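Residue strings, one per chain:
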Amino acid sequence: MQFQHYENISTVDRCMASFLAAFSVFMISYSATRVYLNYSSQVDAQVESNVLPHAASLWSDLGNN
């Protein structure tokens, strides 16, 4: 059984391997960032929906008419 040595790998193969590795890292980090941002926006929306306005703010629209 023969193994390919590092010297036998062509430049094109090295470039393709580097590109695929960089692209994989980019896609994983992009996906993780999107999931994190989506999760944090849902948590913020839930917190804001539980906040009750001050009683004075309920009457604020009456003076604008």
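Residues numbered from 1 in each chain as written. Predicted model: local features only at pLDDT ≥ 70, side-chain atom pairs only at ≥ 80, totals over all residues. Heavy atoms only, no water.

(A) Region of interest: the overall build of the protein. Tallying secondary structure elements over the protein gives two helices and zero strands in all. The buried share of the protein, reckoned over its 65 residues, is 0%. Surface exposure of the protein reaches about 6,500 Å², of which carbon and sulfur atoms provide 63%. (Helix = DSSP H or I, 4+ residues; strand = E, 2+ residues; numbered from the N terminus. Buried < 20%, exposed > 50% of the residue type's maximum accessible area, 1.4 Å probe, protein only. Areas by Shrake-Rupley, 256 points an atom, 1.4 Å probe, with all protein chains shown as cover.)

(B) Inspection of the packing of aromatic side chains at higher detail. On inspection of all chains with the given rule, the structure shows two aromatic pairs. Aromatic pair Phe19 and Phe23: ring centres 6.1 Å apart, planes at 15°, arrangement stacked. Linking Phe19 with Phe23, this pair stays in helix 1 (residues 11-49), spanning four residues, or about one helical turn. The partly exposed category is assigned to Phe23, whose relative accessible area is 43%. (Phe/Tyr/Trp six-rings, centres within 6.5 Å; stacked < 30°, edge-to-face > 60°.)

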